[in-house]
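This is what each chain is made of:
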Amino acid sequence: TLIENQKALEQLATELEKSKNRFSMAVDGTKAGIYEWNILTNQLYVSARFKFLLGMDTMDDSTLNIETFRFLIHPEDRNMAISLVNTAVELDTTYQHEIRLLQNTGSYRWFLDSGIVSLKGSAPQLAVGSIIDIHDRKSAEQQLKDKNVELEKANRELDRFVYSASHDMRAPLTTLLGLIHLAQITYIPGELDTYHTMMIDRIHAMDRFIKEVTDYSRNSRLEVKTERINLRTTTDEVISALSFLANEAGVEIKIEIDISLELNSDKSRLKVILNNLIANAIKYTDSSKPRRFLKIQAKPQEPYCILRIVDNGIGIQDQYKDKIFDMFFRATEKSDGSGLGLYIAKETIQRLQGKITCQSEEGIGSTFEILLPIDSTKN
Ligand code: ADP
């Protein structure tokens, strides 16, 4: 009868309503944003949650289609994402991938995008899928990766360190033993003086090495401590500690730094950097040149201060240029150092968010250029 039919229809409607509610509660529970892509028209329908996840609650769906959606995918993920979905469409299967989507804030967040293609006849008609915010997990993964890279670097350095340090510390000891032995058997007083001078020399070399190792360890362990620094005065302090060496080598020092130039930086780190670079410019001077000089220039170029240490010393051979900043690397026989100076300078500059580069020509001279943030408290 009509009434029975009416009742059955109402019953069906209630069941349908219940089922719809159950479905939407389940979807809400997953916090997933749902989309439906009509592959024939390229129209894209998205749920309110989808818009919310992208921070685009007020987005107008009518302008949304698969073409405009593509531009929400991070450029680095876009091609991979498109080809994966296209394959799923061709093979009439499911797809799942992790992609970054653009937020209305202008930054990207990671989502897990999963979907399934449905066929009508043999032509794919719809793709229905969901996106779930996985940004926090991805960020944690990235942090873990970064930490791992850091750890691997530290491990490699430790290996190199143990290997080279044993050499660098044992070599002067062996020399010392030899010199002591010579001193014991000599009868000539003049010779004894020479041996003593050589011994003192070796002890100084070892002391320098230990000081460099301490500098390295300080830089990697201690927090960056910023204060207002006058660059000119700081440079003068470093130079006065090196003036004995400069006089001995006959190197003329010119400083071109405005007396009013100030930085917000870490003073002890800045002094280590300046000391290592200036000491090198003095050490690797070219004694065959009648006029030997070293210039220290600085000028602000927001947000950096550009510092240049220029010398007309022996220069560096092309083949060694990209190695000089490596740990324990020496590019010349003339080095009596540890090969740590430039490595420590580079690491220290990096700790201050700066950069160092070198231009050098063998027989002509070298220029080391440093970009240092004027204000290290700004990040
Ligand atoms: P070290 O001076 O102890 O050997 P560094 O790490 O300070 O170690 O420098 C690495 C190498 O780079 C040096 O052995 C030297 O060959 C080269 N070098 C550094 N600075 C200069 C410079 N100003 N002029 C020429 N060569 C340099």
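Residues numbered from 1 in each chain as written. Predicted model: local features only at pLDDT ≥ 70, side-chain atom pairs only at ≥ 80, totals over all residues. Heavy atoms only, no water.

A tally of helices and strands in the protein yields nine helices and twelve strands. Going through the 379 residues of the protein one by one, you find that 37% of them count as buried. Sequence separation of 24 or more characterises 61% of the internal contacts of the protein that already satisfy a separation of 6 or more. Approximately 23200 Å² of the protein is accessible, and the part contributed by carbon and sulfur atoms is 56%. When the 47 basic and 54 acidic side-chain charges of the protein are each reduced to a single mean position, those positions are 2 Å apart. (Helix = DSSP H or I, 4+ residues; strand = E, 2+ residues; numbered from the N terminus. Buried < 20%, exposed > 50% of the residue type's maximum accessible area, 1.4 Å probe, protein only. Contact = heavy atoms within 4.5 Å. Areas by Shrake-Rupley, 256 points an atom, 1.4 Å probe, with all protein chains shown as cover. Lys, Arg positive; Asp, Glu negative; His and termini not counted. Charge placed at Lys NZ, Arg CZ, Asp CG, Glu CD.)

Our next topic: the site of the ligand. In the neighbourhood of the ligand, 21 residues make up the surrounding shell, with Lys283, Tyr284, Ser335, Gly339 and Leu342 lying closest. Contact distances for the ligand include 2.6 Å between an oxygen atom and a side-chain N or O atom of Ser335. Within the side chain of Ser366, one N or O atom sits 3.3 Å away from a nitrogen atom of the ligand. With the chains in place, 99% of the 530 Å² that the ligand exposes on its own is no longer accessible. Broken down by secondary-structure element, the contributors of at least two residues to the shell around the ligand are α8 (267-283), α9 (341-351) and β12 (365-373). A total of three residues in the shell around the ligand trace back to one element, the largest contributor, which is α8. Class assignment of the residues belonging to the shell around the ligand gives a composition of nine nonpolar, nine polar and three charged. (Near = heavy atom within 4 Å. Polar contact = N/O pair within 3.5 Å; in protein donor to acceptor, adjacent residues only side chain to side chain. Nonpolar A, V, L, I, M, F, W, Y, C, P; charged D, E, K, R; others polar.)

On to the side chain of Thr186, then. Its place among the elements puts Thr186 in the loop between α5 (135-185) and α6 (189-221). A distance of 3.1 Å separates a polar side-chain atom of Thr186 from the backbone nitrogen of Ile188. In terms of polar contacts, Thr186 uses its side chain to reach the side chain of Glu191, at 2.9 Å. Dropping the residues within four chain positions of it, Thr186 is found in contact with Glu191, Leu192 and Tyr195.

Grouped together as the largest cluster of nonpolar side chains are 35 residues, with contacts concentrated most on Leu231, Leu277, Ile278, Leu294, Ile296, Phe368 and Ile370. Elements supplying a minimum of two residues to this core: α7 (231-249), α8, β9 (292-301), β10 (304-311), α9 and β12. For this core, the element with the most residues is α8, which contributes eight residues. In terms of nonpolar packing, the next biggest core, distinct from the first, is built from 26 residues, Trp37, Leu44, Leu54 and Met59 among them. (Core = buried A, V, L, I, M, F, W, Y, C linked by side-chain atoms within 4.5 Å.)

What the rule picks out here adds up to six aromatic pairs. Here Tyr35 and Phe50 contribute two aromatic rings whose centre-to-centre distance is 6.0 Å and whose plane-to-plane angle is 80°, an arrangement assigned as edge-to-face. Taken together, the positions of Tyr35 in strand β1 (residues 33-38) and Phe50 in helix α2 (residues 48-53) put the pair 15 residues apart, joining distant regions of the chain. We classify Tyr35 as buried; its relative accessible area is 6%. Among the aromatic residues, those joined into a ring-pair cluster are Tyr35, Phe50 and Phe69. (Phe/Tyr/Trp six-rings, centres within 6.5 Å; stacked < 30°, edge-to-face > 60°.)

Let us now look at the layout of surface pockets. Computed from the structure, the second largest pocket encloses a volume of approximately 690 Å³. Of all the secondary-structure elements, those providing two or more residues to the lining of the second largest pocket are α5, α6 and α9. Looking at the lining of the second largest pocket, the element that brings in the most residues is α5, giving ten residues. Along the lines of polarity and charge, the residues of the lining of the second largest pocket split into eight nonpolar, four polar and eight charged. (1 Å grid on protein atoms, 1.4 Å probe; cavity = no way out; pocket = protein on both sides within 12 Å on 5 of 7 lines; lining within 4 Å. Points joined across faces, edges and corners; volume = space filled by probe spheres on them.)

Right, let's get into the sheet that holds strand β7 (residues 251-256). Reading across from one edge, β7-β9-β10-β12-β11 is the order of the five strands in this open sheet, with mixed pairing throughout. Looking at strand neighbours, the two that pair on one side only are β7 and β11 (355-361), the edges of this open sheet. Neighbour to neighbour, the strand axes of the sheet diverge by 15° on average, direction disregarded. Note that β7 and β9 share six bridges and pair parallel. Its bridge partner lying in β9, Glu256 is registered against Gln297. (Pairing = 2+ DSSP bridges. Axes fitted to C-alpha atoms, helices over the stretch in contact; angles between N-to-C directions.)

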